[in-house]
Amino acid sequence: MTVISNTVIRATPRRNALALHCLTLIAFMAASSVPTPLYRLYQHDWGFSATLLTTIFAAYAFALLCALLIAGRLSDHVGRRPVIAAALLLNIVAMLCFLFASHPYGLVILRIVQGFATGLATAAVGAALLDVHPERGSLVNSIAPLTGMAAGAMLSCALLVCQPAPLHSGYLLLLGEFVLLLIGLACTPETGLLRNGAWASLRPSVAVPPRPERHFGV
């Protein structure tokens, strides 16, 4: 009976961590798609060109890729929680600034910040999910991004139709969610192993896994 009780006690934080990281990944993906349906409204209100609209789209993707290339391995050295916390704080700042945005170039900067935060979170949260439960973590990593992006776009469209202030209400909801996730993260145990080489891990590297090498002539 004691063995069963101890097993349940150890499993409970693991389940809680899995749920928290799942919600965190979904929240980041939702936040990435919430501004998209609003771009036409921004363009109508501020009168910027289609070229600048394309730049706003591209800024997010560029920052996301840079974060994955530069800081994708950082959580392997400093731990999952510090990297996830940094990503949450960046997105909290972005949500606050979205509420007061008044210029299209501000959107470019905010999407760069948001893209970099999402890149940090995608790498660190994905690794944390695998640390907590390799099988379920893999499942969450494959489902959560699409779920989050779809939920964010649907939420933004719903607020666009139903709310009198669609340029603010979605960001307020996400701001509250990220604050709660940051508080929850503080109560979650670290799952990564700390090791040296954090600065060296920031050097971008691209490699082909050993098995597919023969298909690329490596």
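That block above? That's the structure.
So, here is what we can say about the structure in this document. Because the structure is predicted, anything quoted here is derived from the model rather than measured.

**Comments concerning the overall build of the protein**
1) Next: Across its full length, the protein carries 9 helices and 0 strands.
2) Next: In the protein, the succession of α and β elements from N to C terminus is α-α-α-α-α-α-α-α-α.
3) Next: Across the 218 residues in the protein, those meeting the buried criterion constitute 39%.
4) Next: Residue pairs at least 24 apart in sequence account for 84% of intrachain contacts in the protein once pairs closer than 6 positions are excluded.
5) Next: By element, 71% of the accessible surface of the protein is carried by carbon and sulfur atoms, the whole surface being about 12000 Å².

**Notes on the pattern of salt bridges**
1) Next: Inspection of the entire model under this criterion finds 2 salt bridges.
2) Next: Residue Arg80 is joined to Asp76 by a salt bridge in which the shortest nitrogen-to-oxygen separation is 2.7 Å.
3) Next: Its relative accessible area of 9% is what places Arg80 among the buried residues.
4) Next: In this structure, the salt-bridge partner of Asp131 is Arg80, at a minimum N-O distance of 2.7 Å. With a gap of 51 residues between them, Asp131 in helix 6 (residues 104–132) and Arg80 in helix 5 (residues 80–99) connect regions that are remote in the sequence.
5) Next: Through salt bridges with shared partners, one network takes in Asp76, Arg80 and Asp131.

**Thoughts on the packing of aromatic side chains**
1) Next: Scanning the model with the defined rule gives 4 aromatic pairs in all.
2) Next: Judged by centre distance (5.0 Å) and plane angle (40°), the rings of Tyr42 and Trp46 are tilted. Here Tyr42 pairs with Trp46, and both are found in helix 2 (residues 39–46), just 4 residues apart, close to one helical turn.
3) Next: Relative accessible area serves as the criterion here: at 2%, Tyr42 is assigned to the buried category.

**Re the nonpolar core**
1) Next: One finds Phe28, Tyr42, Met95, Tyr171 and Phe178 to be the most contacted residues of the largest nonpolar core, which totals 49 residues.
2) Next: Breaking this core down by element, the ones donating at least two residues are helix 1 (2–33), helix 2, helix 3 (50–71), helix 5, helix 6, helix 7 (134–162) and helix 8 (166–186).
3) Next: Residue contributions to this core peak at 11 residues, all from helix 6.
4) Next: Not counting chain neighbours up to four residues away, the residues in contact with Met95 comprise Ala31, Gln114, Tyr171, Leu174, Leu175 and Phe178.

So, how was this worked out
- Residues numbered from 1 in each chain as written.
- Predicted model: local features only at pLDDT ≥ 70, side-chain atom pairs only at ≥ 80, totals over all residues.
- Heavy atoms only, no water.
- Helix = DSSP H or I, 4+ residues; strand = E, 2+ residues; numbered from the N terminus.
- Buried < 20%, exposed > 50% of the residue type's maximum accessible area, 1.4 Å probe, protein only.
- Contact = heavy atoms within 4.5 Å.
- Areas by Shrake-Rupley, 256 points an atom, 1.4 Å probe, with all protein chains shown as cover.
- Salt bridge = Lys/Arg side-chain N within 4 Å of Asp/Glu carboxyl O.
- Phe/Tyr/Trp six-rings, centres within 6.5 Å; stacked < 30°, edge-to-face > 60°.
- Core = buried A, V, L, I, M, F, W, Y, C linked by side-chain atoms within 4.5 Å.

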